[in-house]
Structures are given as C-alpha cells and as structure tokens.
Number of protein chains: 2
Amino acid sequence: MGVVLPFEEKPSDPEASLNDLVALVAGGMDRVNAMILSRTGSEVAMIPEVANHLIASGGKRLRPILTLATAQLCGYAAAEGGRAAESGRDGDVKLAASVEFMHTATLLHDDVVDESDMRRGRVAARIKWGNQASVLVGDFLLGQAFKMMVEVGSLRALDILSSAAAVIAEGEVMQLGAAKNTETTEDEYLAVIRAKTAELFAAACEVGPVLAGRPKSEAAACRSYGMNLGIAFQLVDDALDYGGTSADLGKNVGDDFREGKITLPIVLSFRRGTAEEREFWRRTLERGEIDEARDLDTAIGIMRRHRALEDTIERARHYGAIARDALALFPDAPMKRALLQAVDFCIARAH
Amino acid sequence: MGVVLPFEEKPSDPEASLNDLVALVAGGMDRVNAMILSRTGSEVAMIPEVANHLIASGGKRLRPILTLATAQLCGYAAAEGGRAAESGRDGDVKLAASVEFMHTATLLHDDVVDESDMRRGRVAARIKWGNQASVLVGDFLLGQAFKMMVEVGSLRALDILSSAAAVIAEGEVMQLGAAKNTETTEDEYLAVIRAKTAELFAAACEVGPVLAGRPKSEAAACRSYGMNLGIAFQLVDDALDYGGTSADLGKNVGDDFREGKITLPIVLSFRRGTAEEREFWRRTLERGEIDEARDLDTAIGIMRRHRALEDTIERARHYGAIARDALALFPDAPMKRALLQAVDFCIARAH
C-alpha cells in the first residue's frame, strides 16, 4: 500500500533533522518523562494503565519538546545563572508535561469520537478499556495538566493553555459539522486544523518565552512558529494517511478514508475532479458505502491523477516557510538552528 | 411508582428551605446566568445548542449558588464598601459560572459513560446530538471554565478547582471499577461519591472565602460544609432513584437500577439480604438480566424490607449534621442561616 510521494528537496534522512533539537532538550525531556510518570499515578489502578498505554507508546513528544526548546531559546534555563535543573526551576518541565497531557487527553477523546481501533501502532485504549475509561482518563489528565500549570504560577501561561483547550474542543466540534461533507472548502478545512492541531503547537511554543519573561514580540514570534509548524504537520499527516505504511504512522493507511474524514487531499481531489469522481467521493465519504477491497486504491488513484497529495505537501511547505520566518528575529544560536531543522523534519516525514 | 419514604422531621414545604439562600444571591445569579450565556457562545453553532440544551433546562444551580453564598458569607461582596456588582468585582460570578461549567461538562461526559437516555427531564444531549458532541462540548466547557478562572487571577482558587477536576475524573473511573460489583462496601461507595459529587460542592464552597481573602480556617470550614452537604445530597439522590417520580427528578425512577449502578440502597440491601435476595441482585445488577415489568418493584420491595432507603436518608442526615457544624465558627447572619437551611432542603427533597 505504501505510496511514495515524489519529493523535490528531500534530505537523505528525514529523522536526522530532528536530532539536534532532541539532543538540546534531552536533559529536560528526562525530567518531563519522570513528571509524566509521577502525575499519571493514582490509587485507581485503571488510570495509570490507560494513561501509560498511550503515553508509553511514545510518539515523538514533539509538543513538550517545543515548550522546552522555546523556553531555552528565550533564556529560561540560563536565567538563574545556570541550568534550570540545578536552580530548581521546573516551570518549563511542568508546562511541557501539561502540554503532553492535554495532547493525550485529546487523543483519548478523539478515539471515542472517531470510533478508532488503532492509535500510535497499538490497539486504541477505547478498544481495550472501553469508551468510558477513555473519556474519564482523558478528563483526569486534563485536570492534572491544569494542576501542574497552576503550580508553575504564571497566569499568562495559564491563560494561553486554557484558551488553547477551549479552542481545540471548538475545532473538534467544527470538524464534526464538516465531517462527511465533500463540499468543504480549503479555508473551512484550514480553520478546523488551525483549531484542533495547530493551536496546541502554538500554545506549546508561546509559553516558552512567557516563562522566560521575554517581551510580547518574542512570544508572538514563537506562537507564530508553532502555529504554522502545526498546520504543516497536520497537512503532512493528512497526506501520509493516503501514502505511508501502518508501521510508520502508528495508524492504518486509509483510516481517514474509512472514517469519512474530509482532509485536504479530499478537498483538492473533489474540487478538481470529474462528475464521476465526485460521485465516488459522495458515495464513499458521505454515504459511507465503501468496498474495502477496491475503494481505497481508487481513492489514491484519483488523488494521484489530480496531484492532490503532492499539492497537500506543497501547502505544508508554504506554512513551513512561514514558521521559519517567524524565528527571524532571534539571533543565530544552536537552538534556533535546531528549531528551523524541525520544520524540515515535519515536512520530510512524507517520503 | 412513587414510593413515599417515611420521614421523621419533614418540613411542610421542602422547597421553602432553599428560598432564603436563593433570594440572598439573586442579584449575583442573574450575573452568573448572563456570564454562562455569553461564555457558551461560539461561531460553531452546535456548541451553544448542546450547552444550552443542558444548561437552560435548569436544575437548581446549587453549586454556583454555593460559591456566591460562601463568598458573600465571608464578606467578598462588601469588601470594597459596596456590592460587588457596583465595585466591578466579578470574581465570585466568574468562579460560580466556572463551577457550573465544570458540572455541566461532567454531566455531558457522564451521559456518554452511563449511556443515559434522559437528563434533567429532557432527552440526553448524546441522544439528540450523539456521543461525539457530548464529549467535545464537555471539553469546550471545561476549557471555558479554566479561562474564566484564569481571568479571576487567584492561583489559590485555580488550584482548588483544577484539583477538583482531577479528583472528580478519578472518582468516575473508580466508579467504573466498582460498577456492577454487588460486594462493594459502604466505605468504597463513600469514597466514590466523595470524589465524584462532593468534591465539587467542597471546591465551590472553598473558593468563596479564598476570594474574600479570609484565613485558612474559614476556607476549611466552608470546604467541610460543601463536602458534607455534597455527600448528603448524593445519598438522597440515590434514595430518590428508587422512590421519587420522573418529573421531580428529571430522570426516570429506576435509572440507577437499570444501569446496574451500585448505590448505597443496594449496598445496604445486599449486605442485609437473604441468599435468595443476593442472587436477585447478582442477576439484575451484575449480569444485567432485568425483567423490566417486575424486577424494579421487587428491588424496591427488598429495599423496604431492609429499611435500606430510610437508612440511606439517615446516613444523609448524619452528613448534613456535620455540614451544619462546619459553619459554627461563623457569626449568626442571614447568609449563615440560609446556608443552614440549604442542608435541610437537600435532605427534605426525599419525600
């Protein structure tokens, strides 16, 4: 099934472009992981079980990495004349863990909403423990996320992250409304992914400079970096759903298709398509009449004919470029270079 | 179906005992209601629809009333030499609205978890808009609740309410584990309702004195009042589920029974019962083999035989007495008297 997308500027090893960033925050991420482990603890055994099923299955932890990285970029760690760990300051660690909890809660609730069977290459929690546990453990993680934020004590950071929580939920509801509507416009689709994916990237990046007490211009720059990186990340994800392999993605190729999810490759294919192709999309996505054996291949065929996957990646490149420019006001530094490389990573995943 | 519980000290009109409290916070509640309306607004039309379906259906708004009342008891409104509304201080209003949003979010998620059809005498949101909307609008309301708390700017209040959010979710998961287990002990059951119901009452009452900047002893007293009132409230609810009428309750008599929920009347009946009766509870609650036409009457008959409903109310009276004593350190005042009467109301509902 693995469809290879043609690529214009593909680095030899896309994973490598994240290496510098990962190395620069390695110490902080150890502390974030320890924090995550301790804050999913509960005497109610099902809570750490469900939470760790998802959290331990990994993922790149891109969001908490971004919080640590932007805090470090803005001098948070160095503010007390040494590394944060030594000075006992752990605001960045707690906010990073909060961001990961918010993300995990969203995944748990999404699985219930989407009726997914797989998540990050493992059976979805809702299959193993039921929808009930997924909803409630998600709520628990959200509560723990807010507790950690409160401990940090920055009202500005609390404002950013609680606003993000509301916007994310709003985006998910918006997506419910757009679900199965093949007439969705590109703008409508972008509004959905801005809210449901990019907002958390933006918030994760904005709290870094806020913690470091940096001026608004730097907070706005980091927010813009995160927002545009998040949009690029989601668009690439959308393309991968019609072109990666199950092992890479941690979900099944064609999941979005089977769930009738309208993503950019569909939006572009529908608009560019013939009357017959539009009827195909209406039948499969709106009416859900899918022939498992053939329709996914047909869908990918139509997308290739209209260059819908390539152009989805092209759109992602556009947002990636905005993300890069957003960091222009920061002086050259290893962390800045690593953040710029992370943009390449997000886009180069589509190979 | 309306089973009348014998009562030892029943006031002539139980509703009347809430009148003074309602009158004392009437001005504040108008502002809370306006705040609730404005904060459920969204360009995503489904959000205000779902939220208002539940919020507009009323309920007594006991939790936000308690926040306003304890703030007033502790002099919050009078602190700037006048009423809060005139001084522009609206911390009590925002925290009260937050508490109601947290409660509404819990109800929305509970309906999904419990697969309920009815809520507050109306069709449950999940039936009308689907589980998806219930999960996501719940998340949206939680996000909005935290945003309002952040606006108030009290880290102490944020700590109390975010901790409550985590404890509530933990309690719900605990209840999942206890579900359908007829061997549940009274202590285990109390741990569940402390977390899932009483904690929010406690938090709603604790933030009042915190807002007013009162000493810890008063915050602890109000917290204790709320916690014990909440336990009493839930126990009476449990009894009503086997004895009120659908119109009073906003849910169907026997809902808990049909859902296999283990509540105190069941815990007491099971322990006090014969081998045959225990087998009845195992068949109906654990195995879910319920004959709609006969089993609810049989269940109520067993409960009456063992005085399980009367003793559930008796337990509620015990917690009500603790709630009353918790307020002893406050000087006599109209608000204190009204809060004492509210305890009577919570218990006298069971008639």
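If you look chain A up in an unreviewed UniProt entry, it shows as Octaprenyl diphosphate synthase from Methylobacterium isbiliense. Quoted verbatim from the Sequence similarities (unreviewed entry) field of the UniProt record, the comment on chain A reads "Belongs to the FPP/GGPP synthase family."

**Observations regarding the packing of aromatic side chains**
Residue and element names in this part refer to chain A. Counted under the stated rule, the structure contains 11 aromatic pairs over all chains. Aromatic side chains Phe201 and Phe233 sit 5.2 Å apart centroid to centroid with 45 degrees between the ring planes, which places their arrangement in the tilted category. Remark: Phe233 occurs in helix α10 (residues 216-240) and Phe201 occurs in helix α9 (residues 186-211); sequence separation between them is 32 residues. Summarising the burial analysis for this pair, Phe201 and Phe233 share the class buried. Three or more aromatic residues link up through ring pairs in this structure, and these residues are Tyr242, Phe257, Phe280 and Trp281.

**Focus: the side chain of Ser42 of chain A**
Structurally, the position occupied by Ser42 of chain A is in the loop between α2 (26-39) and α3 (46-55). Overall, the relative accessible area of 18% leaves Ser42 of chain A in the buried class. There is a polar contact of 2.9 Å between the side chain of Ser42 of chain A and the backbone nitrogen of Val44 of chain A. Side-chain polar atoms of Ser42 of chain A contact the side chain of Glu170 of chain B, separated by 2.5 Å. When neighbours within four sequence positions are excluded, Ser42 of chain A is seen to be in contact with Ile47, Pro48 and Phe140 of chain A together with Glu170 of chain B.

**Description of the relation of the copies chain A and chain B**
With an axial shift of 0.0 Å and an RMSD of 0.0 Å, the rotation relating chain A to chain B amounts to 180 degrees. This pairing of chains is accounted for by a two-fold axis. A symmetric contact is evident, with 100% of the interface residues of chain A recurring at the interface of chain B.

**A few points about the environment of Met46 of chain A**
Secondary-structure assignment places Met46 of chain A in helix α3. By relative accessible area, which is 22% here, Met46 of chain A ends up partly exposed. Among all residues touching Met46 of chain A, those that are not within four sequence positions of it are Trp129 and Ala133 of chain A together with Val173 and Leu176 of chain B.

**Some points on the interface of chain A and chain B**
Facing 35 residues of chain A, the contacting portion of chain B comprises 35 residues. Between chain A and chain B, the buried area comes to about 3,200 Å², and carbon and sulfur atoms account for 79% of it. In this assembly, chain A and chain B are joined by 0 salt bridges. Taken together, the connections running from chain A to chain B amount to 6 residue pairs in polar contact (both at pLDDT 80 or more). Only α3, α6 (91-114), α7 (125-152) and α8 (155-178) of chain A provide two or more residues apiece to the side of chain A that touches chain B.

**Let's talk about α8 of chain A**
Here α8 of chain A contains 24 residues, and its C-alpha end-to-end distance of 34 Å stays within 8% of the 34 Å for a straight helix at 1.5 Å per residue. Counting buried residues along α8 of chain A, 17 of its 24 residues qualify, which places the element largely inside the surrounding structure.

**A few points about the nonpolar core**
Generally speaking, nonpolar side chains in soluble globular proteins are found buried as a group. Core analysis: the largest hydrophobic core is formed by 237 residues, its most contacted members being Met102, Tyr225 and Trp281 of chain A together with Met102, Tyr225 and Trp281 of chain B. Residues contacting Met102 of chain A, with those up to four places away along its chain left out, are Leu142, Ala145, Met149, Leu161, Ala164, Ala165, Ile168 and Leu200 of chain A.

**A word on the state of the cysteines**
Tallied over the entire structure, the rule returns 0 disulfides over all chains. Cys205 of chain B forms no disulfide, and the closest cysteine sulfur to it belongs to Cys222 of chain B, at a distance of 6.5 Å.

**A word on the pattern of salt bridges**
Applying the stated rule across the entire model yields 48 salt bridges over all chains. Note that Asp255 of chain A and Arg258 of chain A form a salt bridge whose closest N and O atoms lie 3.6 Å from each other. Here the residue Asp255 of chain A and the residue Arg258 of chain A both occupy positions in helix α12 (residues 255-258), the gap between them amounting to 3 residues, near one helical turn. Classification of Asp255 of chain A as buried rests on a relative accessible area of 11%. Across the pair Arg287 of chain B and Glu289 of chain B runs a salt bridge, and its minimum N-O distance is 3.4 Å. Residue classification places Arg287 of chain B among the partly exposed residues on the basis of a relative accessible area of 44%. We classify Glu289 of chain B as partly exposed; its relative accessible area is 40%.

Calculation notes
- Residues numbered from 1 in each chain as written.
- Chains lettered and ligands numbered in written order.
- Predicted model: local features only at pLDDT ≥ 70, side-chain atom pairs only at ≥ 80, totals over all residues.
- Heavy atoms only, no water.
- UniProt positions renumbered as here; feature names shortened; annotations may be inferred.
- Phe/Tyr/Trp six-rings, centres within 6.5 Å; stacked < 30°, edge-to-face > 60°.
- Helix = DSSP H or I, 4+ residues; strand = E, 2+ residues; numbered from the N terminus.
- Buried < 20%, exposed > 50% of the residue type's maximum accessible area, 1.4 Å probe, protein only.
- Polar contact = N/O pair within 3.5 Å; in protein donor to acceptor, adjacent residues only side chain to side chain.
- Contact = heavy atoms within 4.5 Å.
- Least-squares fit on C-alpha atoms with pLDDT ≥ 70 in both.
- Buried area = accessible area lost by both parts, 1.4 Å probe.
- Salt bridge = Lys/Arg side-chain N within 4 Å of Asp/Glu carboxyl O.
- Expected span 1.5 Å × (residues − 1).
- Core = buried A, V, L, I, M, F, W, Y, C linked by side-chain atoms within 4.5 Å.
- Disulfide = S-S within 2.5 Å.

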